[in-house]
Each structure stands twice: as structure tokens, then as C-alpha cells.
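Okay, here's what each chain looks like letter by letter:
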Amino acid sequence: MLLLFRWLLRLVTGLIGLGLVVLILAYWFLERSIPDYTEDFSLPGLTAPVEIVRNNDNVPHIFGETDDDVFYALGFAHAQDRLWQMSMLRRTAQGRLSEVFGNRTVKIDELMRRYDLYTLALQSVEAQDAPTRAALEAYARGVNAWIGQINSGARGRGAPEFFFFSNEIAAWAPADSIAIIKLMALQLSGHLEAEVLRARVSMLLPEDRLRDILPDDPGRPVTALPDYASLMPGLRPATTPIRTAQGPLSPFPRLPFAGASNAWAAVPSRSAAGGSLLANDPHLGFTAPSLWYLARLELASGGVIGATIPGVPAVMIGRSAQLGWALTSSYMDDQDVVMERLNPDNPEEYETADGFRPFETRRSIIQIKDQTPVTLTLRWSEAGPVLPGSHYDLASVTPPGHVAALSWTALSAADTTMTSALQIMRAQTIEQAIEAGRLFVAPSQNLMLADQSGIALQVIGAVPRRDARHPTQGRMPALGSVAATRWQGMLPYDSNPRVIDPASGILGNTNNKTVERPFPEHLSFLWGDTQRIQRWLTLMKTREVHTRESFIEAQLDTVSPAARTILPLIGADLWFTGEAAPAGTPERLRQRALEILAEWNGEMNEHLPEPLIYMAWVRALQDRLIRDEMGPLADEFTHLDPVFVERVYRDVAGASVWCDVIQSAVVESCADLARLALDDALLELTETYGPNPESWRWGDAHQATHDHPVLGEVPLLRWFVNIRQSTSGGDFTLQRGRTKGDGPNPYLNVHGGGYRGVYDFADPDSSVFVTSTGQSGHPLSRHYDDLGERWRRGEYVPMSLDPELARAAAVGITHLQPQ
């Protein structure tokens, strides 16, 4: 027995030792791909030496004798830190994920091939001006130079992920950068899904109730639309959604996550220091690493610093010494779904107002890892690509004998957005930046500008020219056989909304409605915000003059105007009205929750229980309000709409009818539903967080989920690659932390400001910025998440163009020499 024990001990010890050796070897191989920022290189394609100074936050400051060499070095730095991310963005745009990930991404690739974004990017290369083509080519040479270093030296395949998946790294090309911008347009466009949802709901509800559940921006005149079923004979309502291209790798956001952002600016007379102020925090889905990469470029036009996107040779948002530029989603209606009627005698043709025309067709082959390739037949009508009914729930709104095609401004083969971005980056004045926006195609944005003497806001991006007789005004799909459905080109750039140096001295946008125009000059019926703008207005009015600190304070504000509006309405008949109840009963728990909420000011602080109780309550309430009328379609409404709840509890146009459960004989009141929903919420929270409401914390549920798109779901590895942080804020706070809305924890923070920047032109080098993770995409690098904790705490890092400050305590200086 003793002998057996000794051998077992030896075996266990040997296995532990072997495991340690394997771990050490694995770490050694994976660590090889962390770049040495002090290493120098002799590289082909450079015309003169270039210096990459990485400051103590690992932000590269790039100095070269020519712009082309600077863009070359930016490509080199991007590839050093984010090569896997760049490869994934490119594969997604190309529709080639399945070559690496197999069957689980086939539907994503199928839809991307139908959009054909990469072919359009290839065609768009020639549409760029000469300086932009030169920048794209130099940037590609820089990326390929680092790939060459990986191939020639022992550099761990360039990133740890290449050990787990394909180690093939194709050479970078100018079209790859343009394709990434088109991919961003896809991630920021939600009008297709909004059209489909409105069509589905209109077949289920009368017009008055449709206005409740899909409300227009309050205060805007409403024009009644026809019932969708009356436009599409033979179509029946469908409540079961069809989605086949979802998952961590999907570039197709659901409607609640189709883009958001904040930006505001002040003229020098409204600034305490006497210089213009500008703040920006664009909102995107959280990932690890963040999509944003901080960089400074020293160009012939001067130094620029801000946020870049790996794969794109431009500072997309940031500042120079003379000018700051910010972006927010404009929510311009850039998509229309067109129902093309097939020729009954020839399904290869579709009907137009002038008769039947043949589809443009092409075959495309999707290579699938370890599987037989799939061949697709791609079709286009004059409206755009034909999309299958298995995506975006299109099958539920497509009448028999029809197919759905998409008109979309991003489907341009002469897309000059890349040229526009570089010209904005090089602009010296507001006027030059506005003129540069003329070439911007998609995604449409609000370009907010500030220079030494003024501020401006300009909507950039191509705006479709619609016929005033459009059957649905672009709010629902329409028949392609009707001539008025087709776009008639684009509106002139000068008709886009523009504001320069307003009388108030303050500009701001939180994706709120920006213009009051009748259709078809309306810009959009769908806006991204009705709440945050109210809080922003309040904060701006509290001061006659502003400072960098007051702009930071607004950017980090966590007070929910929705909570301040909704809670007094839904709790009006519940506050302090409960009778004595024994401890441990649902009634007593309800009283405790109401007592807690009664003293709350609406601040969505991570350390408080009130935000969690409130969010669970209103979420349960909205579901109870709509579930009986809408059935499974209620699952599409995963997030609270404060305008809807306010209409119901103020009984606007009879909206209180939603409170009556139609399947029951009793007529329920809105107070009844509020009480029942609160009990539902408290039961859920008790089961998850324990019986003591005072110990609940919003931050325990509202964790920012910077998850790795590929390894984030792999057991054990996810603990090393995912970055989870307790956060404040919520769906309707200026420090926006959009909740997931479904799943086991619907309160996870999955979408928000991954970049924050505040620029002060009284002292430009006092400007600050930060991202939500770190500069490196390597999970073993100390720069993988080093900025994340500062971001969570509301801290920033210096945004200086002073080269000596960059060199002070730099983590490394890399010299690139011409070979």
C-alpha cells in the first residue's frame, strides 16, 4: 500500500511538473508576439528615417520627414499591436470568417457576400484623390512590413490567436482600409431593422397603439401611414423572429445598438479660459481590445492626435493645434427596403414601373473550414442587393412572389469617405473641415468642430432624395413596382443641416432630433435619443461659462432623466400607501423597495441599489404592458422606451388602455400593473442577489463587458482575455452604459463610450482622452487593459502634441530606417 502511495505521489508530482513545463512553454511561445517597443528596424518602402515614440500610456507619437512615411509607420504600429483585430475586421468585411471558424459563421459570411462590401471597396480605391491613394498605399506597406518581420523572425505568429486558428496572414491592401469604413457603416445603420419592425407591428396593432409602442420624437407632427398589410396583399402577421447571423462575431447590430454618441462644444465667450471647448464620446459595442487606438501623427500640415481605427490610416476623431473634430451618429435615414415583385413567368426578372427587368447575378463561393464549400447566387435589382428572408426578419414582411432588396448609401462603388476623413484630419479651419465633409458618403455623421475662434455642426454623408409620393415615406418596406419608391439620387450637400457659431454659444448632440423638416427633406423619422439631451441641456444651463472640467463632468454624468420622469408616474399610487406587513413577506419587501426609491435622485451610481431596483421594475412593467397585446413580438422590445411608458401613464391619446390585460375579465388599472411589475422585479432580484435590498449594487449587474470576440466564450481562457468592470450609468445617462436587454443578466453594460476626449483650445496641450481597454490587443501585454481602470474611474490621460512630453518616461522608442 505504501509502495502504491509512493508511485501515485510520483505520478501526480510528475504530471504537475509536466503541466508547469507545458505552461511555461506555452507562455514563452505566446509572449514572443509581444513587440519590443525599443527595437529598431531596417525596412523596405521608406524614403527616410521614422521615429515611433510610445509615451508612458503606450500611445505612439510618429515623426517622419514625409506624410507617406508617417502613414507607413502608423500601419506598422497598428499591426504590431492589433494585427489579429485588423485581420478579423478584414475577414468580416470580405465574408471570409468561415475559412477560420467553420459552420458557426456561414450565415454571417452569406449576408456579407450579399452586401458585397469588399467588391465595392476595391472599386472605390480609384475614386480617392491622389494624396489619399498614396496614404492608403503607404499604410499598407507599413502593415506588410510588420507581417514580413513576423514571417522572417520568431515573433509568435504575430498574435496569440493565430496559434489557435489559422496562421495565414494575407498582405494588406488599400481596399482593406476602405472596407473597414464600410463595415463601420453597417454597424451604425439600423433603419432596415426599424422598417421591418414597424411593418410587423403595424399588422398587429391599430394606428393609435402603433404610435404608443413606436413613438415619434415628442413634439414632432405625425402623419398617418397606411397599414402595412394594405400595401402588401397576401401578407399575414408573423410574430416569431428569424435571425440566423447573430453571435459575438456578427457585425449586424440589433436596433437598440445601431449607434450612439455624445458631442458638445462651446465658443470662446462661453469658456472660462477664453478658448473653444469640444467633448466627444462615440458609443459602440464593447470588445477586448477596444475598436479605438490612440495615436499622434506629425504631418506636413501639423501634428494631429486622437482615436484611430486599426486598419484605417486616419485620426477619425481628435484634434490638431488649430482644430478639433468630433463625430456622433446623425441617424439620417440611409436605408430603404424595397419589395421586388418577381416575374411569374421568369423568376430571374423583377417588376419596375417600366416593366420587367433582369436581376444582375453573380456566383460566390464560401470556403468553410473542414466542410464542403457553399455556393451562393448573388442578385441585385436597381434598388440594391437582394437579401434572404432568413435575415432581419424579412420573411415576415415579404409578400408571396416578392423578394426584399436594400437601397443603402454605403453601397457605393465610388465611396470617397476615406478621402473625406483624411481631408478633415488635415483641415486647419472650420470652413476647410466642412468643405472636406462634402466627400463623406457613409455612415452619415454629425461632424462637430471647434477651432481657436468658433464652433460648428455639419451633417455629413450622402442623403437620399426620396419622392414626396413615397408610399411609406421610407418608414416601412414599399413595392419596387411603384415608381415613387425608388430613390432619385442624392440631395445636395449644402442642404444638409449646418450650424455655425450659434447665438447661445453652445452646440450639442446626443443623437437627438436635429431638424424639423417635412418629408422628404426630413433627414429621419428615427432618432437615437429623447432623454440624454434633456440632462445635457440642464447641465449646460447651470453655468454661464464652461471649463474643461465642466465638460468632463457632463461627459461622466450618471443621472437618468428617464428615471426622474418615469418613477413619479408609475409609483404615484404606491408611495407610502402600504399597510403594515410582516417581515419576509412580498408586501414588506415592496414597501422597503419603495422607501429606498422615494429618496433617490435618479443617479445611476454603481454602488447604489436604487438603479437596479428601478431598472428591474420598469423592465418588468413594459413587458406586462405589451405582452398580452403583442405576444411573442414583445420579445423584440428588449429595452425600456420612456416615451411609451410616459404616454401610457399620462393616458396620452387613450394609451392607458395598455394597462388592461385583454385576456382577463377584470379591468386592470395602471397602478395594478405597476404593483405587479414591482413584485416581479423584486422576486427576480431576491433570487439573484439575496433578500436584503440595501445590499444590492447596480455595479454587480451593470458590468462593462469588454469580451474577446473569439476567445471570450472559451472556458478558462475567457478569464484571461475578457475585461469586466463594475460601472455606473445606464441606458439614458450621458455616461451611457447601454444594457444588454436579454439573457441571464439583461443589465450587463455592452455598449457605450469606448473613447472619451475633451479638447480645450485655450491650452490645447491640456486636452485629455482615454479608451476603455488598452492600446495592445495581446492579452499578455501590460497594455492590454491598463487604460480600462482609468476609464472606469472617469480618469483621462494627457493628449499633448509636445514631443518632449511624449519622450519623457516613454515605454519605448522605435526607429524605422529605409532598407
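Residues numbered from 1 in each chain as written. Predicted model: local features only at pLDDT ≥ 70, side-chain atom pairs only at ≥ 80, totals over all residues. Heavy atoms only, no water.

Peer 1: Quick question: what am I supposed to make of the sheet that holds strand β6 (residues 293-299) here?
Peer 2: Backbone-to-backbone hydrogen bonds pair the strands of a sheet. The strands run either parallel or antiparallel. One open sheet accounts for 11 strands, arranged β1-β29-β2-β3-β6-β7-β8-β9-β17-β18-β20; its pairing is mixed. One side of each edge strand has no neighbouring strand; the edge strands of this open sheet are β1 (41-43) and β20 (498-500). Each adjacent strand pair in this sheet contributes to an overall mean axis angle of 20°, direction not counted. Alignment of strand β8 (residues 315-320) against strand β9 (residues 323-329), held across 2 bridges, turns out to be antiparallel. Counted as the bridge partner of Arg 319 is Gly 324 from β9. (Pairing = 2+ DSSP bridges. Helix = DSSP H or I, 4+ residues; strand = E, 2+ residues; numbered from the N terminus. Axes fitted to C-alpha atoms, helices over the stretch in contact; angles between N-to-C directions.)

Peer 1: Help me out: how do you make sense of the pattern of salt bridges in this one?
Peer 2: Two side chains with opposite charge may pair up if their charged atoms get near one another. Tallied over the full model, the rule gives 55 salt bridges. For Arg 209, the salt bridge goes to Asp 212, with nearest N and O atoms at 2.5 Å. Pair noted here: Arg 209 and Asp 212 are both in helix α10 (residues 207-213), with a separation of 3 residues, about one helical turn. Between Arg 627 and Asp 635 there is a salt bridge; the shortest N-O distance is 2.9 Å. (Salt bridge = Lys/Arg side-chain N within 4 Å of Asp/Glu carboxyl O.)

Peer 1: Teacher, can you tell me more about the state of the cysteines here?
Peer 2: Put plainly, a disulfide is one covalent bond tying together the sulfur atoms of two cysteines. Enumeration over the complete set of coordinates arrives at 1 disulfide. Cys 659 shares a disulfide with Cys 670; S-S distance 2.0 Å. Negative torsions about the S-S bond denote left-handed disulfides, and the value of about 95° found for Cys 659 with Cys 670 makes this one right-handed. Of this pair, Cys 659 sits in the loop between α19 (642-649) and α20 (670-689) while Cys 670 is found in helix α20, placing the two residues 11 residues apart along the sequence. (Disulfide = S-S within 2.5 Å.)

Peer 1: Explain the pairing of strand β12 (residues 355-358) to me, please; I cannot follow it from the model alone.
Peer 2: For a regular strand, side chains alternate in direction, first toward one face of the sheet and then toward the other. Sheet topology places strand β11 (residues 346-352) next to β12; 4 bridges connect them, and they run antiparallel. Opposite Glu 349, over in β12, you have Pro 358 as the bridge partner. Hairpin connection between β11 and β12: a loop of 2 residues separates the two successive antiparallel strands.

Peer 1: Help me out: how do you make sense of the nonpolar core in this one?
Peer 2: Nonpolar side chains tend toward joint burial in soluble globular proteins. Core analysis: the biggest nonpolar cluster contains 160 residues, and Tyr 115 and Leu 297 have the highest contact counts within it. When residues of this core are assigned to their parent elements, the largest contribution, 14 residues, is made by helix α2 (residues 67-94). In contact with Leu 297, not counting residues within four places along its chain, are Ile 62, Val 70, Phe 71, Leu 74, Gly 302, Gly 303, Val 304, Val 315 and Met 425. Membership of the second largest hydrophobic core comes to 56 residues, among which are Trp 600, Leu 612, Leu 625 and Cys 670. (Core = buried A, V, L, I, M, F, W, Y, C linked by side-chain atoms within 4.5 Å. Buried < 20%, exposed > 50% of the residue type's maximum accessible area, 1.4 Å probe, protein only. Contact = heavy atoms within 4.5 Å.)

Peer 1: Explain the packing of aromatic side chains to me, please; I cannot follow it from the model alone.
Peer 2: Centre-to-centre distance and the angle between the planes together describe a pair of aromatic rings. According to the stated counting rule, one finds 16 aromatic pairs in the structure shown. Here the aromatic rings of Trp 264 and Trp 536 are separated by 6.3 Å at their centres, their planes lie at 35°, and the arrangement is tilted. Of this pair, Trp 264 sits in strand β4 (residues 260-266) while Trp 536 sits in helix α14 (residues 532-541), and the two are 272 residues apart along the sequence. Neither Trp 264 nor Trp 536 differs from the other in exposure class; each is buried. With 6.3 Å between their ring centres and 55° between their planes, Trp 292 and Tyr 755 make a pair best called tilted. Separated by 463 residues along the polypeptide, Trp 292 in the loop between β5 (277-285) and β6 and Tyr 755 in strand β26 (residues 755-760) bring together distant segments of the chain. Comparing Trp 292 with Tyr 755 shows no difference in burial state: the two are buried. Through pairs of rings, three or more aromatic residues link up here, namely Trp 84, Phe 101, Phe 162 and Phe 165. Here the guanidinium or amino end of Arg 379 rests over the ring plane of Phe 359, the centre of that ring lying 4.7 Å away. (Phe/Tyr/Trp six-rings, centres within 6.5 Å; stacked < 30°, edge-to-face > 60°. Lys NZ or Arg CZ within 6 Å of the ring centre and 35° of its normal.)

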